[in-house]
Amino acid sequence: MKTRTQLAARLRYEFDKTMAGGAIALMGWLALISLFVIFLAGAILALTGIAPEGGSSVGFIEGAWESLMRTMDAGTIGGDQGWSFRGVSLIVTIAGIFVFSALIGVISSGLEEKLSELRKGRSRILETDHTIILNWSPSIFDVISELVIANQSRRRPRIVIMANKDKVEMEDEIAAKIADRKNTRIICRSGDPTDLYDLGIVNPQTSRSIIVLSPDGEDVDAQVIKTVLALVNDPQRRPESYTIAAEIRDAGNADVARIVGGSELQLVLADDLIARIVVHTSRQAGLSAVYSELLDFDGCEIYTIEQPELVGKSFASAVLSYENSTLIGLSLPSGEVEINPAANRVIVAGEKAIIIAEDDASIVTWSGDHAIDKPSIRPIVKRTTVAERTLILGWNRRGPIIASELARYVAPGSQLTIAANAPQFEADVAELAIDPAVMRIDHKMIDTSSRAALDLLDIPSYDHVLVLGYSDSMNAQSADTRTLITLLQLRKIGEAAARHISVVSEMIDVRNRDLAEVTRAEDFVVSNKLVSLMLAQASENETMAAIFAELLDEEGSEIYMRPVSDYVDIDRPVNFFTLAFAALRRGEIAIGYRRQRDGDEDERNLGGVTVNPPRAQRIEYDDSDMLIVLASD
């Protein structure tokens, strides 16, 4: 009895295991039941000699066939004659109805399960030469938009996205915000980018490049570093180097990230990047348009490319070797970059040129006449610096970096006033280590959107006003709304004082920039947009992070805007070769100009900024026009 019970339990267990096998196992059981019924009915008909009324008896094969027809089509029984034959047919037909009804349900359930599995986005990617984006953040839409532009010249480009987010939600958001994907296909997968198994789903081994975004939440840098660690130390990884561009918020985590990623990693220090551009732009209105133009794929870009024809030339001579491109530096075989090296530095074999150009196909040397108007070049005059008064309205985690960066550029005796209403504001200001002899800091806890509070600050007395978003304590839209209110108040204060107030504002969401135009602020630094542009460029150019680190470093050459009249006489038109030559005499590289005229087209909203203009074309300038140069000071 015990043995029989154990056998029954064992059979039941084996049956349960097969049933747990899913739709295929269920279909197998239904097929077995059908075969059993068909063969049993065929055997009964053959052994008993039961036949339709007026017909002859059938053999096993013919009986099985008759049973199969009634199993598959219940209507067949309607033509049967004779009650014995009808009885057998009825049993077979009822069994057939049961089997096929169950089969339809199993197939339907299996399809639904498969669709559900596809919705989860867990199937493996088999693409090659694709760009991978790991993690989800508000920056992702700008990153995708830039990659779509960069991919237009490629065949079958693919962008693969993996994040801890529902696949369908990701696809819906991308469809809503990126309508025109041109020839790029976007594939979404759900998973944990820090998990080795999940990373295998997006097939990094065959990827072109990988972008690691800083996700929303806490301890985000640790997640980015762990993702990079998983990529470069995967036992199944490819032997060739990856091209990884990763976003890190806190510069204090940069060293750890570089140790983990090694030479395969390009770091974009998001807060440092934004803070430095905000400071530079606050001191030179219109500078954010220059950075946007250099980072945007829809315009001039920075290329690192071999130019054998420059070998043996001095750097100054090489700069004047292009008519529609701008040489700004060299990339060394060691991976280091030199931006604006010495004019007499000789270019050697193995060094790549760092060039601003419309596209890589347009980078060709110039064989025509430079027509440099040397008599129009003015003597070098050094402008003296004076102490400045700067006001910061609003506060976020980038505030301390902005204040410290500002102290590196102002003349001794300058003053910085910070006014904000944020949780960490006073504690952050107290921790600032800035020499008061260079820049004295004063702070006030006020509501920066209140006109009464702003009037007490005597805003027209400041040389520069920076408006920061409260991005740490509010979402992007709320923070930008608060910024817009502050900018409108500043506009009214300037109109009441009949004085122009130099205002530079940080916006978080690029979609709010058009609204901000009505405030008449001089410049807007869109933080998420700039980080997105930098990440997209770094994924396409392995030296981009090093180039911008040099451009934004006080010790290297930086971008400045200076009056054209400092370089040449403006009483007659001159070509850009002349301006480039005048800049080289000062140890600078001319990369463009800002020239605003009524009626001039400005489709890309660059405020009259032109980067990498044709050098042979003669243009007439006036006192308001600025030359954009790379200079060490």
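As a reminder, the structure under discussion sits directly above these lines.
Presented here is a report on the structure given in the accompanying data block.

Rules behind the numbers
- Residues numbered from 1 in each chain as written.
- Predicted model: local features only at pLDDT ≥ 70, side-chain atom pairs only at ≥ 80, totals over all residues.
- Heavy atoms only, no water.
- 1 Å grid on protein atoms, 1.4 Å probe; cavity = no way out; pocket = protein on both sides within 12 Å on 5 of 7 lines; lining within 4 Å.
- Points joined across faces, edges and corners; volume = space filled by probe spheres on them.
- Helix = DSSP H or I, 4+ residues; strand = E, 2+ residues; numbered from the N terminus.
- Nonpolar A, V, L, I, M, F, W, Y, C, P; charged D, E, K, R; others polar.
- Pairing = 2+ DSSP bridges.
- Axes fitted to C-alpha atoms, helices over the stretch in contact; angles between N-to-C directions.
- Contact = heavy atoms within 4.5 Å.
- Buried < 20%, exposed > 50% of the residue type's maximum accessible area, 1.4 Å probe, protein only.
- Phe/Tyr/Trp six-rings, centres within 6.5 Å; stacked < 30°, edge-to-face > 60°.
- Core = buried A, V, L, I, M, F, W, Y, C linked by side-chain atoms within 4.5 Å.
- Salt bridge = Lys/Arg side-chain N within 4 Å of Asp/Glu carboxyl O.

## Some words on the layout of surface pockets
Move 1: For the largest pocket, the calculated volume is near 1,300 Å³.
Move 2: Along the walls of the largest pocket sit 39 residues, with Arg 283, Arg 383, Thr 385, Tyr 560 and Arg 562 positioned nearest its centre.
Move 3: Where the lining of the largest pocket is concerned, the elements lending two or more residues are helix H10 (270–283), strand S17 (558–563) and strand S22 (626–631).
Move 4: Ranked by residue count, the leading element in the lining of the largest pocket is S17, at 6 residues.
Move 5: Its residues assigned to classes, the lining of the largest pocket shows 16 nonpolar, 9 polar and 14 charged.
Move 6: Space inside the second largest pocket adds up to approximately 920 Å³.
Move 7: Along the walls of the second largest pocket sit 31 residues, with Leu 265, Gln 266, Glu 542, Ala 545 and Ala 546 positioned nearest its centre.
Move 8: For the lining of the second largest pocket, the elements supplying multiple residues, two or more each, are strand S6 (265–269), H10 and helix H19 (544–551).

## Topic: the sheet that holds strand S7 (residues 301–305)
Move 1: Judged by pairing direction, the sheet is antiparallel, and its 4 strands sit side by side in the order S7-S10-S8-S9 without closing on themselves. Taken across any chain shown, the strands that pair with only one partner, and hence form the sheet edges, are S7 and strand S9 (337–339). When strand polarity is set aside, the average angle formed by the axes of neighbouring strands in this sheet is 30 degrees.
Move 2: Of the strand pairs in this sheet, strand S8 (residues 326–331) and S9 are connected by 3 bridges, and their pairing is antiparallel. For Leu 330, the partnering residue across the bridge sits in S9 and is Glu 338.
Move 3: In the packing of H19 onto the sheet, contacts are made with S7, S9 and strand S10 (352–357), and the angle to S9 comes to roughly 40 degrees.

## Here we look at helix H5 (residues 140–150)
Move 1: When you tally the buried positions in H5, you get 9 out of 11 residues, the bulk of the element.
Move 2: Among the residues of H5, Ile 140, Phe 141, Asp 142, Val 143, Ile 144, Glu 146, Leu 147, Val 148 and Ala 150 are the ones counted as buried.

## Observations regarding the sheet that holds strand S4 (residues 209–212)
Move 1: Pairing within the open sheet is parallel, and its 6 strands lie in the order S3-S2-S1-S4-S5-S6. Here the strands that pair on one side only, and so sit at the sheet edges, are strand S3 (185–190) and S6. Here the average twist between neighbouring strands, direction ignored, is 20 degrees.
Move 2: Alignment of S4 against strand S5 (residues 244–248), held across 3 bridges, turns out to be parallel. Across the sheet, the residue bridging to Ile 211 is Ala 245, located in S5.
Move 3: Set on the sheet, helix H8 (residues 220–232) makes contact with strand S1 (131–134), S4, S5 and S6; between it and S5 the angle comes to about 160 degrees.
Move 4: Sheet contacts for H10: S5 and S6; angle to S6, the most-contacted strand, approximately 50 degrees.

## A look at the packing of aromatic side chains
Move 1: Summed over all chains, the structure comprises 6 aromatic pairs.
Move 2: Relative to Tyr 593, the ring of Phe 576 has its centre 6.3 Å away and its plane inclined at 50 degrees; by these criteria the two rings are tilted. A residue pair is termed long-range when its members are at least 10 positions apart, and Phe 576 in helix H20 (residues 576–584) and Tyr 593 in strand S19 (residues 589–594) qualify at 17 residues. Like Phe 576, the residue Tyr 593 is buried in the burial classification.
Move 3: Between the aromatic rings of Tyr 593 and Tyr 621, the centroid separation amounts to 5.7 Å while the plane-to-plane angle is 80 degrees, which identifies the pairing as edge-to-face. With a gap of 28 residues between them, Tyr 593 in strand S19 and Tyr 621 in the loop between strand S21 (618–619) and S22 connect regions that are remote in the sequence.

## Re the nonpolar core
Move 1: Grouped together as the largest cluster of nonpolar side chains are 122 residues, with contacts concentrated most on Ile 133, Ile 144, Ile 161, Val 290 and Phe 548.
Move 2: For Ile 161, the residues in contact, after removing those within four places along its chain, are Ile 133, Trp 136, Ile 140, Ile 144, Met 170, Ile 174, Ile 186, Ile 187, Cys 188 and Arg 189.
Move 3: Within the second largest apolar cluster, 27 residues are counted, among which are Ile 210, Ala 230, Tyr 242 and Ile 244.

## Observations concerning the pattern of salt bridges
Move 1: Per the counting criterion, the structure on display carries 29 salt bridges.
Move 2: We note a salt bridge from Arg 208 to Glu 540, for which the minimum N-O separation is 3.2 Å. In this pair, Arg 208 is assigned in the loop between helix H7 (196–201) and S4 and Glu 540 in helix H18 (residues 527–540), connecting sequence segments 332 residues apart.
Move 3: For Glu 540, a relative accessible area of 23% gives the class partly exposed.
Move 4: The partner of Arg 408 in a salt bridge is Glu 405, and the shortest N-O contact between them spans 2.9 Å.
Move 5: Looking at Arg 408, the relative accessible area reads 29%, which means it is partly exposed.
Move 6: Since its relative accessible area comes to 4%, Glu 405 is described here as buried.

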